Structure formats: C-alpha cells, structure tokens
Amino acid sequence: MLKRLVSKMSNVLETRILKVDPASIHFGEDAHLNGSLPTIADPVSEKNLLEAAKIIRGNSEPVAFPTETVYGLGGSSLSDEAVKSIYRAKNRPSDNPLITHVSSIDQLNRKIYQEKLSSPFQNIPKPYHSLITKLWPGPLTILLPVPPAERSALSKLTTADQPTFAVRIPSNPIARALIALSDTPIAAPSANASTRPSPTMASHVYHDLNGRIPLILDGGPCKVGVESTVVDGLSKPPLLLRPGGFTYEEILELGGQDWKDCKVERRKVVAEGEQVKTPGMKYKHYSPSAKVILLVPKPQKTDSDRIEELKRLISRELQNEDTNTVKKLAILTSLHLGTAEIQDLTLGDSKIKPILVKLGNTGEEIQANLFAALRQVDEIDNVDIIFVEGINEDREGLAIMNRLRKAAGDHCVSF
Ligand code: TXA
Ligand code: MG
C-alpha cells in the first residue's frame, strides 16, 4: 500500500513482469486473414494477456510484449495519447515513425480504414500481394499510403508526417493474441530505451524501462533476434529500407516480378532538416555504453592472420591515451575467431583476460544472439571495450552488419 502510494507520488510506475506461455496459444490457419480469435489453453497465460489487452484499450500507458523479432513497446495506433506515451517511455524522437502491428488483414480494414470490404486485399497495393501472402504473419513490414483523415482512424503521431504508414502482422503467438484480444492495432517500436540495443528478452526491457511502464509480458527469448525487414513497394524501383528478419534474397525470390529490381537503401548520412524515407537512420542506435569495435573480415586473410591483427588492435587500445583506464574487454566471435587459439589469447605482459562470447556458427544463430550478447557484456559484465567479429554482408549478414555498424559508429576496422 505504502509502496503504491510512494510510486504514485513520485510518478514512477511499478513495472510488473507477467509470464505468458506461447505454446498455449493456438490460431486457426486463416486467422491472419479473417481475424478469428485464438484458443488459449493455459488459464494464467490467458489472464495475463487479458490484463495487458485492458491496458492497451485504456490508451494511457504502453505495454511491452514479445514478438518473433524483438520485444515491442505497444499502445493503440488509434490514440494520440497512447502513441505519445510510447515516445515518452522510451525517450524516442517524435519524428521517427512507428510500425503498426495488426493481427489480421480483417483488422487492418476494420480498424485502420474503418471498412468491411468485398476483397480483403483492396487497401493493399498489388506489389505487396505476393510478398505478404508468403511472409505474413512474420518479420516483414510494408509501407502503405496514409489514408485520408476522414476515412481513417490512424493517429497521425504514428507516421511522423510521412505520406506512408508502416504495418506488419507478427508471427509470435503472444503478440498476435494481444493484438487480437484487445482488437486494437498496436503501434510498437522496439522496447529499448532510445539509442540502446534492441531487447530480445524481458529482462532487457526491465533493465531499460523499469519504473517507466506498467507491464512486461514475458514470453521468453525472441527467436529471430533482429527487427523486421522494412520494404517500400510504392516507389519504383521498390526499396528495402531496413534489412531484418527476412533476407534481401528472400524478398527478391518471393516478391515475384515487382521485386526483381528491388534496391537496398544504403545511405548513412542525412542533411539537417532533410525529409527522408527511413527516419530511423538519422539516430544513434544499438549503442552499448562500452566502446564497440567492429572487425570486418577481409576475404583473403587466414584465421591466424586475424588473431595476430586482433592482438595488435587490442594492444593499440590498451595503449591509447583516452582509454588507458581500460580494465575489461570482451570479444564477440562469429565464424572465423571461434577457434581454440583465441581461448589462449595472451596480450603481451598484460594481465587482461578478455571475456569471450561465441555468437554462433550460422547467420541465424548470430542474429538470434547478437543483442543479448552485446547487453550481457555491457550491462552485466560491465566491460569497457567490445570487439565484435563481423560477417559477410549477404543473407542474414546484411541485417547483422547493419546493426553492428550502427553500434560501432566510426570504429570499424578490417582484419
Ligand atoms: O521487428 C520490428 O519491426 C520491431 C517489433 C517490435 O515489431 N519494431 C521495430 O520498431 O523495430 P522500431 O520503431 O524500433 O523501428 C521501426 C523502423 C524505424 O527505422 C522507422 O524509421 C521505420 O521503421 N518506419 C516506420 N514507419 C515508417 C514510414 N512510414 N516510412 C519509413 N520508415 C518507417
Ligand atoms: Mg528500434
């Protein structure tokens, strides 16, 4: 009672973590089209989902929930108040628009366009039809034209003045159930504090947002581990704006004729005040507190060349004036550095023993472990410098290197 009073007085929320078992939720095969509700076998999971759905319908505080990509921080896309509460909780710049998550095409039509249509795909431009038929529910976000205000209930604050809005149907059963049970399209950025690495576990959300949100639904670790792929099929040629859970190669292969000339948006810098298609790219992102040094592999090098180069880079950091207080180092390894040699890495007469974390042996594994590993060495082990071994920029490598380049900023070295 006293605790509640104190938290009310100081305007700090008590953040509760409620577990939901994703395996207890079952959707019919066409639920993502017709909007039919799931069955939930576990009563505790159902109760917790209904509690989160009630907060979403209340429109005043956001709720964190798992998706297949990363945890999201959700509020109604139809309410200015709810959308403001999301921006506030994670301290996000208000000109970076949010993705709206729907549980079905039926919900998109009923709730965003406020119409019941004869053909469910009527509001979706043709270039997207093949892609969403194959990839929804899943980590694919598409841009649609913002409907005229008189025909739409979408809060303008979700779009940050873009002529388009972003939408996806997630495949994680907890995310889908929350959206379906609240019968509310949910605007949800990743549930990290702005600039930090995205959260792939409930504990990451708690670390960043404890006291700022009322509830986190804990559904275990996210399977994909990087955010959804954002595509723009309205421009010619179509663009891949953010590499993510589905690869560029999959978009080309599954999108059909319309996507065969799809280009990857590669610009990194934006002029002051410039209106851009991917406002997210303007901001510092995925940054741990520690300095991140990205090791970009050169194809012609051998693994022992790379270890020697890494030793040189570490000594340089240890001698560096600015970092002469360095006490702890971490090395996140992927495909080349995972050998026995690195286990015995000695750094001259230095007593420093780096913390070694293997990210994985495949693109999918590295992707799934990336943010959790960055957070582990940064937030739990409190290292000062993180060396991360990059991979080739194809398939999952494109999304992984996109995140790592942002985390490292200017500190990218080839090795
Ligand atoms: O996997 C995901 O997409 C996760 C989960 C929670 O679904 N969400 C997520 O949201 O990553 P957020 O806000 O962290 O990233 C959304 C990205 C940003 O880079 C934003 O700029 C871009 O999508 N975006 C949103 N609306 C857009 C629009 N209308 N035009 C261009 N880019 C847009
Ligand atoms: Mg984000």
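Worth saying up front: this structure is predicted, and the values here are computed from it rather than measured. One numbering rule holds for all chains: residues counted from 1, following each sequence as written. Chains and ligands are labelled sequentially in the order written, the chains with letters from A and the ligands with numbers from 1. Local features in this predicted model are restricted to residues of pLDDT 70 or higher, and side-chain atom pairs are both shown and tallied only at a pLDDT of 80 or more, whereas totals for entire chains, interfaces and linings draw on every residue. Hydrogen atoms and water are omitted, and side-chain values are computed over all heavy atoms in the structure.

Student: Let's hear about the pairing of strand S14 (residues 291-296): which residues, and what values?
Tutor: Exposed residues in this analysis have more than 50% of their type's maximum accessible area, buried residues have under 20%, and partly exposed residues fall in between, with area computed by a 1.4 Å probe over protein chains only. Secondary structure counts use DSSP, requiring at least four H or I residues in a row for a helix and at least two E residues in a row for a strand, with both numbered from the N terminus. Taking burial as the measure, the six residues of S14 include five buried ones, the bulk of the element. As paired strands, S14 and strand S17 (residues 385-389) are joined by five bridges and run parallel to one another. Within S17, the position partnered with Lys-291 by the bridge is Ile-385. Judged from the three bridges that link them, S14 and strand S18 (residues 412-414) form a sheet pairing that is parallel. When the bridges of S18 are listed, Leu-295 appears paired with Val-413. Strand pairing requires that DSSP identify at least two bridges connecting the strands.

Student: An account of the packing of helix H8 (residues 202-209) against helix H12 (residues 363-380) is needed here, citing residue identities and associated values.
Tutor: Lines fitted to C-alpha atoms define the axes here, with helix axes fitted over just the stretch in contact, and angles between the N-to-C directions of these axes take values from 0 to 180 degrees. At their nearest, the axes of H8 and H12 sit 11 Å apart, and the two run at 50° to each other. As far as their axial angle goes, H12 and H8 are oblique. Where H8 crosses over H12, the handedness of that crossing is left-handed. Judged by residue contacts, His-204, His-207 and Asp-208 of H8 engage Ala-372, Arg-375 and Glu-379 from H12. Each residue is assigned to one of three groups, with Ala, Val, Leu, Ile, Met, Phe, Trp, Tyr, Cys and Pro labelled nonpolar, Asp, Glu, Lys and Arg labelled charged, and all others, Gly among them, labelled polar. Looking at the contact of H8 with H12 residue by residue, the classes come out as one nonpolar, two polar and three charged. For classification purposes, an angle smaller than 35 degrees is called roughly parallel, one larger than 145 roughly antiparallel, one from 65 to 115 roughly perpendicular, and anything else oblique. Throughout, a crossing is termed right-handed when the near helix is turned clockwise from the far one, and left-handed when it is turned anticlockwise from it by less than a right angle. Throughout, a residue-residue contact means that at least one pair of heavy atoms, one from each residue, lies within 4.5 Å.

Student: I'd like a rundown of the sheet that holds strand S4 (residues 63-66), residues and numbers included.
Tutor: Read from one edge to the other, the open sheet built from 11 strands follows the order S1-S10-S4-S5-S9-S6-S8-S7-S11-S12-S13, with strand pairing classed as mixed. Strand pairing shows two members of the sheet lacking a second neighbour, strand S1 (16-19) and strand S13 (263-264), which therefore form its edges. With four bridges joining them, strand S7 (residues 140-145) and strand S8 (residues 164-168) adopt antiparallel strand pairing. Pairing of Leu-143 across the sheet is with Ala-166, part of S8. Packing of helix H4 (residues 80-90) onto the sheet brings it into contact with strand S5 (71-76) and strand S9 (186-187), and relative to S5 it is tilted by some 145°.

Student: Help me get a handle on the UniProt feature "binding site: L-threonine" (unreviewed entry) in the protein chain, residues and values and all.
Tutor: When the UniProt feature table is mapped to this numbering, "binding site: L-threonine" (unreviewed entry) covers Thr-69, His-101, Arg-168, Ala-188 and Ser-228. In three dimensions, the annotated residues from a span of 160 residues occupy one location, with a maximal C-alpha spread of 12.7 Å. Take Thr-69: it is sitting in the loop between S4 and S5. The contacts of Thr-69, once residues within four sequence positions are left out, are Pro-139, Arg-168, Thr-200, Cys-222, Val-224, Gly-225, Val-226, Glu-227 and Ser-228. In protein, a polar contact means a hydrogen-donor-capable atom and an acceptor-capable atom, both N or O and within 3.5 Å, with residues adjacent in sequence counting only if both atoms are side-chain atoms; elsewhere, any N or O pair within 3.5 Å suffices. Reaching out from Thr-69, the side chain makes a polar contact with the side chain of Arg-168 at a distance of 3.4 Å. For Ala-188, the position within the fold is in the loop between S9 and H8. Residue Ala-188 is classed as buried on the basis of its relative accessible area, which comes to 6%. What Ala-188 contacts, discounting residues up to four positions off in sequence, is Phe-65, Gly-72, Leu-73, Gly-74, Ile-99 and His-101. UniProt positions are given in the numbering used here, feature names are shortened, and annotations may be inferred rather than shown by experiment.

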